[in-house]
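So the chains spell out like this:
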Amino acid sequence: MERYLMTQTLLSSWLYTFNCMEELEEDAMNDFLSTLNRETKEPTDAMKNGIEFERLCYGIAAGTYQPTGVEFPRTFAGASKVAEIIRGAQVQVALQKETEVLGMPLLLYGILDGLKAGVIYDVKFLNKGMGGVDLAGKYLESPQHPMYFALCPEAYLFRYLVSDGTDLYIERYTRTETPPIESIIEQFFCWLDASGYMSVYKEKWLAK
Amino acid sequence: MIVRPEKMDFSKQTFSAIIYGAPGVGKTTVACSAPKPLLIDFDRGISRVRADHRVPTIICDTYEEVLQDLSDPSMADFETIIIDTGGAFVTFLKDWALRTKPGAKTKTGEFNSLKGFGFVKTEFMNFTNQVKTIMNKNVIYVFHADEKADKDGTPIQRLLCEGAAKNFVWNGCDFGGYIQMLGGNRTICFTPEQEFFAKQSHGISGKHVIPFLDDKHPNNFMTLLFEQARKNIEAEKDYFEPLQKQYAETMENVKGIVEEITDAETANMAADTIKNLEHALTSKQEAAAMLKAKTDSLGLKYTRKDGYVLKGE
């Protein structure tokens, strides 16, 4: 039976088209369509910084980090704070789960940054200082914690660990305050249908 | 001193909380309902609290005066420190940094926002740690709400505060509630909504009506809330203790089993053994991740037919 892949990245990219600033709407829609079409993209500098930061966090947490130069990286202080929290966690845990939304069989898929004793961790890197942004509530409507709670039914808590390389901001969500991912996917499917993109989704996201 | 979970006593657990809302909604009065409170009136707002609800208050002109008062022996009489408001506290810290930290000043004598807020942030955290951890008091941060609009023009409420403090102040706090008037009732909500952020924990969540204060209803809302949180912690402890014990035991077993894997045969045996262990919390997923990492490192792959085999076979 045919199943379709569903990830939080696709849902986030779609939701961003509604939540972004007005002048970025066109870019956001183009990004979403690119994600929907599963086009491979060169990572931006911001993405590269995020990946590098995550690696640093995992390395410090695992005790395998070796400084390559004479100086510690600029983000070492922030990464150490994250590492202290995720130490002992399994990192980059890939999970999948079958479900059905509006009659469509789906394979939910995600990679958890960290998992330890019932708590899911997600490491976020801010490319600008924390002083200039309002972070509180930033992830309230993110599909990430609903998706990961669905993928890992035994987890009871999700913690976003947000660092700008120096400071750490933590936002936590419990399972009880999190909407089911199916409700977000349902809205997404309704939108795909109404916008005429459902056929693209079915073609590009067919699970192997 | 190592204390085992079953011996832990939460009867004297202290809490930290954020209370925020529009001016005049009664934030300071609610904060003053905490057990044995001492208010630090950075905002000069104590006069707006009804006379019979006022509590002992530090009225100060500089941050140094507050530090001096905190070292007074009479501090032992208080169980809760109220910082009113967090935003005004940052203003005091800016003034302190300007006067005492040369790096916080630009050449023209103005506040250097890049370096200056670094000093403010560090001192904000040091102060909170001193009150919470060293002095073992409850801490309540009162903030004015800062109304912003989202993309569609819907109002969203945030903490009115300069610098990064508005973000990291949430990290260490147990609860954060937004106060508003709803249908003639003053309510505080500890569950985040689209319009405002909030923080729930220890079973304290959702909307709570703050009682109208009169002779029959003393100002004890936060005291009762803290008591309820303590009871909930005990209940949580009873629920999680066996799960955490089982989790620790299972993960210890898993580590040993995974360490023994050397080839496809031992990997298959390990997979079977792990499957049959008694799992708790997320031990099953974590064990699967450990197994995968180990088998990957040995160049093994999983097939439905034969289980683990060497890649290329």
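Reading guide: rules and limits
Residues numbered from 1 in each chain as written. Chains lettered and ligands numbered in written order. Predicted model: local features only at pLDDT ≥ 70, side-chain atom pairs only at ≥ 80, totals over all residues. Heavy atoms only, no water. Helix = DSSP H or I, 4+ residues; strand = E, 2+ residues; numbered from the N terminus. Expected span 1.5 Å × (residues − 1). Buried < 20%, exposed > 50% of the residue type's maximum accessible area, 1.4 Å probe, protein only. Contact = heavy atoms within 4.5 Å. Salt bridge = Lys/Arg side-chain N within 4 Å of Asp/Glu carboxyl O. Domains from an automatic or database assignment. Buried area = accessible area lost by both parts, 1.4 Å probe. Polar contact = N/O pair within 3.5 Å; in protein donor to acceptor, adjacent residues only side chain to side chain. Pairing = 2+ DSSP bridges. Phe/Tyr/Trp six-rings, centres within 6.5 Å; stacked < 30°, edge-to-face > 60°.

**Some words on helix α1 (residues 8-19) of chain A**
All names here are of chain A. The end-to-end C-alpha distance of α1, which contains 12 residues, comes to 16 Å, matching closely the 16 Å that a straight helix rising 1.5 Å per residue would cover. Here α1 has its buried residues at Gln8, Leu10, Leu11, Ser13, Trp14, Leu15 and Thr17. Close packing links the buried residues of α1 with β1 (4-7), α2 (25-36), β3 (104-116), α5 (144-151), α6 (181-195) and α7 (198-204).

**Focus on the pattern of salt bridges**
One pass over the full model with this rule turns up 17 salt bridges over all chains. For Lys121(B), the salt bridge goes to Asp167(A), with nearest N and O atoms at 2.9 Å. Of the two residues, Lys121(B) is situated in helix α4 (residues 113-134) and Asp167(A) in the loop between β5 (157-163) and β6 (168-174); the pairing between them involves two chains. Owing to a relative accessible area of 17%, Lys121(B) belongs among the buried residues under this scheme. In this structure Asp167(A) comes out as buried when scored by relative accessible area, which is 7%.

**Looking at the domain arrangement of chain B**
Considered domain by domain, chain B is made up of domain 1 (13-219) and domain 2 (239-310). Computed over C-alpha atoms, the centres of domain 1 of chain B and domain 2 of chain B are 47 Å apart.

**Notes on the interface of chain A and chain B**
Each side of the interface is counted separately: chain A has 38 residues, and chain B has 26 residues. Counting the surface lost from both chain A and chain B, the interface buries some 2700 Å², and carbon and sulfur atoms represent 55% of this. On the chain A side of the contact with chain B, Gln90(A), Asp134(A) and Ala136(A) bury the most area, a combined 21% of that side's loss. The tally of links from chain A across to chain B stands at 2 salt bridges. Counting every contact that joins chain A to chain B gives 16 residue pairs in polar contact (both at pLDDT 80 or more).

**Some points on the pairing of strand β4 (residues 80-84) of chain B**
All names here are of chain B. Counting buried positions along β4 yields 5 of 5 residues, so the element is predominantly enclosed. Every second residue of β4 is oriented toward a common face, with Thr80, Ile82 and Asp84 on one face and Ile81 and Ile83 on the other, all of them buried. The pairing of strand β2 (residues 37-41) with β4 spans 5 bridges and is classified as parallel. Paired with proline 37 across the strands is threonine 80, a residue of β4.

**A closer look at the side chain of Gln8(A)**
Residues and elements named next belong to chain A. The topology assignment puts glutamine 8 in helix α1. Residue class for glutamine 8 comes out buried when judged on its relative accessible area of 13%. Sequence-distant contacts of glutamine 8, defined by excluding residues within four places in its chain, comprise Tyr109, Pro143, Gln144, Met147 and Tyr148.

**Quick notes on the packing of aromatic side chains**
Residue and element names in this part refer to chain B. Counted under the stated rule, the structure contains 41 aromatic pairs over all chains. Arranged with centres 4.9 Å apart and planes meeting at 65°, the rings of phenylalanine 42 and phenylalanine 92 form a pair that is edge-to-face. Pair noted here: phenylalanine 42 is in the loop between β2 and β3 (57-58) and phenylalanine 92 is in helix α3 (residues 86-100), with a separation of 50 residues, a long-range link. Centroid distance tyrosine 302 to tyrosine 308: 5.2 Å. Interplanar angle 65°. Geometry classified as edge-to-face. We classify tyrosine 302 as exposed; its relative accessible area is 55%. Using a relative accessible area of 11% as the deciding quantity, one classes tyrosine 308 as buried.

**Brief notes about helix α8 (residues 283-297) of chain B**
For α8(B), built from 15 residues, the straight-helix expectation of 21 Å at 1.5 Å per residue is met to within 8% by its first-to-last C-alpha distance of 21 Å. Within α8(B) the residues assigned to the buried category are Ser283(B), Gln285(B), Glu286(B), Ala287(B), Ala289(B), Met290(B), Leu291(B) and Thr295(B). Against β2 (90-101) and β3 of chain A together with α6 (221-259), α7 (264-275), β10 (300-303) and β11 (307-310) of chain B lie the buried residues of α8(B). Immediately beyond the C-terminal end of α8(B), within one or two residues, lies Gly299(B), with a positive phi of roughly 75°.

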